[in-house]
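The primary structure of each chain is shown beneath.
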2 protein chains.
Amino acid sequence: MSLIVNRRDIDFLFYEVGDLDEILRNGSYTEFDRGSIDAVLDLAQNMAERAFLPFAGALDANEPAFDGEKVSMMPQVGEALYAFAEAGFFAAGFDQEIGGLGLPSVVCQAVQGMFACANLSVAGYSFLTVAAANLLNECGDAEQKAMFLPKMLEGKWFGTMCLSEPQAGSSLSDIKTMATPTDDGHYRITGSKMWISGGEQEISENIVHMVLAKIPGGPPGVKGISLFIVPKYRVNLDGSVGEKNNVSLIGLNHKMGYRGTTNCALNFGEAGECRGYLVGEPHQGLKYMFNMMNEARLAVGAGATMSALGGYLYSLQYARERLQGRHPGDKDPASPQIAIIEHADVKRLLMTQKAYVEGALALLYYCATLVDRQRLSTDDDERWELKLLLDILTPVAKSWPSEFCLEANKHAIQVLGGYGYTRDYPVERHYRDNRINAIHEGTHGIQGLDLLGRKVRIHDGAALKLLTAEIEKTLAAASTTVGREGEARTLKEALDQCHSTIMRISQCSDVNRALANATPFLDAFGHVVIGWMWLRLAIAAINGLESGKEADKDFYRGKIAACRFFFNYELPKTEHVFRLVGSLDDTCLTVTPESFIGE
Amino acid sequence: MSLIVNRRDIDFLFYEVGDLDEILRNGSYTEFDRGSIDAVLDLAQNMAERAFLPFAGALDANEPAFDGEKVSMMPQVGEALYAFAEAGFFAAGFDQEIGGLGLPSVVCQAVQGMFACANLSVAGYSFLTVAAANLLNECGDAEQKAMFLPKMLEGKWFGTMCLSEPQAGSSLSDIKTMATPTDDGHYRITGSKMWISGGEQEISENIVHMVLAKIPGGPPGVKGISLFIVPKYRVNLDGSVGEKNNVSLIGLNHKMGYRGTTNCALNFGEAGECRGYLVGEPHQGLKYMFNMMNEARLAVGAGATMSALGGYLYSLQYARERLQGRHPGDKDPASPQIAIIEHADVKRLLMTQKAYVEGALALLYYCATLVDRQRLSTDDDERWELKLLLDILTPVAKSWPSEFCLEANKHAIQVLGGYGYTRDYPVERHYRDNRINAIHEGTHGIQGLDLLGRKVRIHDGAALKLLTAEIEKTLAAASTTVGREGEARTLKEALDQCHSTIMRISQCSDVNRALANATPFLDAFGHVVIGWMWLRLAIAAINGLESGKEADKDFYRGKIAACRFFFNYELPKTEHVFRLVGSLDDTCLTVTPESFIGE
């Protein structure tokens, strides 16, 4: 078995749960078919297994270092990324007119996923570059695109996003980096940025930083934030790399995990003029950046899911091979030991991982398909609806995997026991890698505020209505599917309770109190969404069992069992949480700082 | 504020929740009073803060190394342990007749806790030595005690316990290490042991391994296991350290956390005769070892709690000082930023930590008091009851902190955001340290089997009845305490549901199915126990509020708030779990290994 992907599951999500066949019949996607998509996946899997996976543990143990002059790291990082660039994967999702491969977003999800599972830290550089290139492609002018985009799509120049500062991580309204206009058309950038992933490295010929800064005299707070392109090296008129642009590395942050991706404190303009190029209109930077940030949030959810998939596959393989103990009913020490996968509690640890990982994966593929359908649609109303649906699902797709796929990683360690706690096995590394995901690109708490404070309300609850309608389609299908009727009722009850909770919150005029339990709400709302996903998966599996190949029967039965697991073990957790949130509980809100330890 | 202890909380647990005053009026404890106990705590706190805490991060970054000849580590480890020995702390809990300080167990809990919170890895060596010495003291003969105990109590020789083998971690019935009798009275030990904490180091003059092995011709399985003393160096007749005893280090395990305590693969008798000395009767080894293991299990729970306390205190201090953002209702970017402890979700993260850490701490102190009362009691029936109560609480005291205090550590990282994910702050280290606790000394799953398969049933449910009676005493008190009546009803309902779940399980004749959800049961049972603890704490806090000092009011209000938090946010989680377990759900039990990923 592969330790980075379950290809059968990708096919299931593409063609049985999702509608990739339908997508491939539209727009510019028509030049792809199952055969060519398979070939792309084969290429990606092969490269991820051979060029990314083998040194993931070594890279974790030998993180990038900064000697005050240059950042050095294992040469395999560059080699892997050159191969990735060579195959065109930096350009996978971009339109062919600008040099991309033009693959559907849901296919890119699968491709990027294999690399992230194999070696998250290396995949990080490519993801950041693609996100920065997308932002430029959306918001840059023709000249900027001509200068930067082709190099980024070729993987010759990498990209970053520079939002946070040492004093302002979650509170962008308080950033201090300045961009002062000059007579030469560019801006002079001064200030410091913090937590910049990929902020320095010697792999790519240049680094294109997408930087948030304030133009003097602009409005205060987030309304005065503008977006700038700030290259590490200036670019000559002929497109070649020129002199240094005075972006200097203050130092590398040494992290718990995700160690192979440099994470930097950067200084702009300390040693001399640092030139920035305004993207779009002044003071619109945050709006532009949010295009990239929503994409980044989905990518964070995907990264969390892939870290958990890595742990799940490894612990599954281990549990099948490792012999230890006997069933509780068997007291005879002379009887042979059984594979630990035979123990009920090990099965539970594996099943929990399966339910979390594959449920999260289904949501991420669903979201990617929304992106594809937006691209294909020519109907403004439909596109608006698809966008709204993606808007309300984004905080869930970012946060739910960050929380529950981390829990899956915890279980993977448990399956291996003492061995899982050592650095000789990859499961503890995946766990450490995954812990960042509830923090970056908007903390778990911020996602909760986004969902309960904004997304469920926008346009008079239009996004929530659309999502409800989608869930109800599945409920209708499930209620006529033998064996799924009970789950349909259970999900309907949870959905109704979710709605009445939102109603109660909306009636509370004290916004601080209304949002005091936004994070528990986020988790419970996510469970409803993932319950919906599992029902979709189970319905597709039942269809597959009836009509599919004999060889796939175990696969389908596993899906049905995991759906049952989610509904029996997981979804019931939401009941008391919705009750709690709806009760406007103020226990935490009203506790004073002094009373925590009494001093 | 101290980053390793809340002394006010210790006093509260000693004298307001617990009955240390009463204990100090009995037996050999009469020579202590509050003043002398305070002096011991002062000494411990001072030493832990000055000699243990400062290099905890450095030790994590510079773990012990083995060059094939010797193990080396930071010299501060030895210095700290020599100071600890000098102060008599190795002997803290032992009777004065054998050279101990004779402190009550609950005081030792507090003392050891400060060192564990300050530097878990260093404290590990002392804990293992104390546990081995306790075992020897319980089960060794006069000659053995005379030879080994004084050196261990002085902290000159350290101890270990050697149970697991590479092929048998959880399944002791399958150990292969042999002990062959010789004509000289000792046994010849041959075999390998794995996961031996403190198994090799150069700090102490000798290492006293307590080793499980099989005597040829003995019964199969656990009934053929005997216990041996196997010193690293043989001991001369005059008590001095002699020649090597052929215990050799195969290698060190490199762990995710808890890095400063060496964890070893050991070989016995490969290079020459390795002498072992039988403890007690042949084939009774597992029974003896379980004396030590129960103590070890309580210590694991205490270690987990202390790792979480370290994270809690650090993140609390940070949240009070770090300025970031504004309340949801405040949109003015010109208004000053607030300390993050003002944010409702940060309060929730801190309150969750408080509820987990202080709830676990209350249980551990309660268990330690049971040990003290056993020691003091002269009534056989009473002692038997105290022992039973401790028996049923031990899997909870081990497992609940391993699970929920790890969650607390996760939250501590979250409070610090990106900074929490870096190795510059201690919170991620505590999280890594803590992850081992659900694995060693009997995995989480094994604790569940112990509780549901054995402890709730032993002696016709006598332990469960005793525990229920104790909880009901608190319920009676709570039902007449203003403000706590609702919580008393809630806890009673949870307790009743717990009982009916146990009843349903006991009626199932298929033992594999009955125990299939033993782990979820363990967690839910633990929540009932910790809910009981919080009710005890809240009642004591209400008494304190009425009669206590003005300066303590914040402290008491914090306790009452945390009780409310536990009953509103946590205890309701048990309802669906008990329902699930009682339904004999077989979703996990019946899933086949092939269906997880369909191959």
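Thresholds, definitions, all that
Residues numbered from 1 in each chain as written. Chains lettered and ligands numbered in written order. Predicted model: local features only at pLDDT ≥ 70, side-chain atom pairs only at ≥ 80, totals over all residues. Heavy atoms only, no water. Helix = DSSP H or I, 4+ residues; strand = E, 2+ residues; numbered from the N terminus. Rg over C-alpha atoms; globule rule 2.2 N^0.38 Å. Buried < 20%, exposed > 50% of the residue type's maximum accessible area, 1.4 Å probe, protein only. Contact = heavy atoms within 4.5 Å. Areas by Shrake-Rupley, 256 points an atom, 1.4 Å probe, with all protein chains shown as cover. Lys, Arg positive; Asp, Glu negative; His and termini not counted. Charge placed at Lys NZ, Arg CZ, Asp CG, Glu CD. UniProt positions renumbered as here; feature names shortened; annotations may be inferred. Least-squares fit on C-alpha atoms with pLDDT ≥ 70 in both. Polar contact = N/O pair within 3.5 Å; in protein donor to acceptor, adjacent residues only side chain to side chain. Phe/Tyr/Trp six-rings, centres within 6.5 Å; stacked < 30°, edge-to-face > 60°. Lys NZ or Arg CZ within 6 Å of the ring centre and 35° of its normal. Patch = residues over 30% accessible without salt bridge, like charges linked within 9 Å, V, L, I, M, F, W, Y side chains within 5 Å. Salt bridge = Lys/Arg side-chain N within 4 Å of Asp/Glu carboxyl O. Buried area = accessible area lost by both parts, 1.4 Å probe. Nonpolar A, V, L, I, M, F, W, Y, C, P; charged D, E, K, R; others polar. Core = buried A, V, L, I, M, F, W, Y, C linked by side-chain atoms within 4.5 Å. Expected span 1.5 Å × (residues − 1). Axes fitted to C-alpha atoms, helices over the stretch in contact; angles between N-to-C directions. Parallel < 35°, antiparallel > 145°, perpendicular 65-115°, else oblique.

Novice: Explain the overall build of chain A to me, and be specific about the residues and the numbers.
Specialist: Scanning chain A for helices and strands turns up 20 helices and twelve strands. In summary, chain A has a C-alpha radius of gyration of 24 Å against a globular reference of 25 Å for 599 residues, a match within 12%. Each of the 599 residues in chain A was classed as buried or not, and the buried ones make up 64%. Put simply, 74% of the contacts in chain A that link residues at least 6 apart link residues at least 24 apart. On chain A, roughly 21100 Å² of surface is accessible, and the fraction owed to carbon and sulfur atoms is 50%. Side chains of chain A carry 57 positive and 75 negative charges; the gap between the two charge centres is 4 Å.

Novice: Pulling in residues and values, what's your account of the UniProt feature "domain: Acetyl-CoA dehydrogenase-like C-terminal" (unreviewed entry) in chain A?
Specialist: This chain's UniProt record puts "domain: Acetyl-CoA dehydrogenase-like C-terminal" (unreviewed entry) on residues 468-590 of chain A. Overall, residues 468-590 of chain A shows 81% helix and 0% strand. The separation of its end C-alpha atoms is 34 Å.

Novice: Talk me through the relation of the copies chain A and chain B; I want residue IDs and the actual numbers.
Specialist: Here two copies of a chain appear, and what relates them is a rotation about an axis with a shift along it. For the pair chain A and chain B, the relating rotation is 180°, the translation along its axis is 0.0 Å, and the fit reaches an RMSD of 0.0 Å. Taken together, the turn and the small shift mark the pair as related by a two-fold rotation axis. Minimal C-alpha distance to the rotation axis in chain A is attained by Lys573 of chain A, lying at 3.4 Å.

Novice: Provide a residue-level description of the environment of Gln45 of chain A, including the pertinent values.
Specialist: Residue and element names in this part refer to chain A. If you trace the backbone, Gln45 turns up in helix α3 (residues 34-52). Expressed as a C-alpha distance, the spacing of Gln45 and Ala110, which sit 65 residues apart in the sequence, is 9.8 Å. The contact partners of Gln45, leaving out residues within four places of it in the chain, are Ser2, Ile4, Val5, Arg7 and Met114. Side-chain polar atoms of Gln45 contact the side chain of Arg7, separated by 2.8 Å.

Novice: Let's hear about the packing of aromatic side chains: which residues, and what values?
Specialist: A full pass over the atoms with the stated rule returns 55 aromatic pairs over all chains. Between the aromatic rings of Phe14 of chain B and Tyr15 of chain B, the centroid separation amounts to 5.7 Å while the plane-to-plane angle is 85°, which identifies the pairing as edge-to-face. Tyr15 of chain B gets classed as buried once you look at its relative accessible area, which sits at 13%. In textbook terms, an aromatic cluster arises when at least three aromatic residues are bridged by ring pairs, as seen for Phe52, Phe84, Phe89, Phe90, Phe115, Tyr125 and Phe158 of chain A. The aromatic ring of Phe555 of chain A is capped on one face by Arg8 of chain A, whose charged end is 4.7 Å from the ring centroid.

Novice: Tell me what's going on with the environment of Glu281 of chain B, and back it up with residues and numbers.
Specialist: Residues and elements named next belong to chain B. Following the sequence through the fold, Glu281 ends up in the loop between β12 (275-278) and α9 (285-321). Residue classification places Glu281 among the exposed residues on the basis of a relative accessible area of 52%. Sequence separation of Glu281 and Cys139 is 142 residues, and the distance between their C-alpha atoms is 9.3 Å.

Novice: Just give me the short version of a negative patch on the surface, but keep the residues and values in it.
Specialist: Residue and element names in this part refer to chain A. Residues Asp379, Asp381, Glu382 and Glu385 make up a contiguous surface patch of negative charge. Turning to its location among the elements, Asp379 is positioned in the loop between α10 (344-376) and α11 (380-416). Exposure remark for Asp379: the relative accessible area of 40% places this residue in the partly exposed category.

Novice: Please provide a residue-by-residue account of the interface of chain A and chain B, values included.
Specialist: Contacts between the two partners involve 105 residues from chain A, matched on the other side by 104 residues from chain B. Overall, the association of chain A and chain B removes approximately 9000 Å² of surface from exposure, summing both partners, and the carbon and sulfur fraction of that is 56%. Of all residues in chain A, the largest losses of buried area upon contact with chain B belong to Tyr421, Phe596 and Ile597 of chain A, amounting jointly to 10% of the total for that side. Summed over the shared surface of chain A and chain B, the result is eight salt bridges. For Arg564 of chain A, the salt bridge identified is with Asp586 of chain B, shortest N-O distance 2.6 Å. Here chain A and chain B share 61 residue pairs in polar contact (both at pLDDT 80 or more) between them. Here the side of chain A that touches chain B gets nine residues from one element, more than from any other, and that element is helix α18 (residues 553-570) of chain A. Counted by class, the side of chain A that touches chain B contains 42 nonpolar, 32 polar and 31 charged residues.

Novice: Which residues make up the side chain of Thr352 of chain A, and what are the values?
Specialist: Residue and element names in this part refer to chain A. Tracing the backbone through its elements, the reader meets Thr352 in helix α10. Residue classification places Thr352 among the buried positions, given a relative accessible area of 4%. Ignoring anything within four residues of it in the chain, the contact list for Thr352 reads His411, Phe565 and Glu570.

Novice: Hey, could you go over the UniProt feature "domain: Acyl-CoA dehydrogenase/oxidase N-terminal" (unreviewed entry) in chain A for me, with residue numbers and the actual values?
Specialist: As recorded in UniProt, the feature "domain: Acyl-CoA dehydrogenase/oxidase N-terminal" (unreviewed entry) lies at residues 39-156 of chain A. Along residues 39-156 of chain A one finds 66% helix and 3% strand; the C-alpha atoms at either end are 24 Å apart.

Novice: Please give an account of the nonpolar core that cites residues and values.
Specialist: Ranked by internal contacts, the top residues of the largest apolar core, which has 374 residues, are Phe14 of chain A together with Phe14 and Phe525 of chain B. When sequence neighbours within four positions are dropped, the list of residues in contact with Phe525 of chain B reads Ile392, Val396, Leu451, Val456, Leu464, Leu467, Cys498 and Phe578 of chain B. Counting residues in each nonpolar core, the second largest holds 35 residues, with Phe94, Ala168, Leu212 and Val235 of chain B among its members.

Novice: Residues and numbers for helix α6 (residues 105-118) of chain B, please.
Specialist: Across its 14 residues, α6 of chain B extends 20 Å between first and last C-alpha, which sits within 8% of the 20 Å expected from 1.5 Å per residue. Taken across its 14 residues, α6 of chain B has 13 buried, putting it largely inside the fold.

Novice: Account for the packing of helix α10 (residues 344-376) of chain B against helix α18 (residues 553-570) of chain B, with residues named and values stated.
Specialist: All names here are of chain B. The interhelical angle for the contact between α10 and α18, taken along N-to-C directions, is 95°, at an axis separation of 9 Å. The angle between the axes of α10 and α18 places the two elements in the roughly perpendicular class. Listed contacts from α18 to Arg348, Met351, Thr352, Lys354, Ala355, Tyr356 and Glu358 of α10 are Gly558, Lys559, Ala561, Ala562, Phe565, Phe566, Tyr569 and Glu570. Residue composition of the contact of α10 with α18, by class: eight nonpolar, two polar and five charged.

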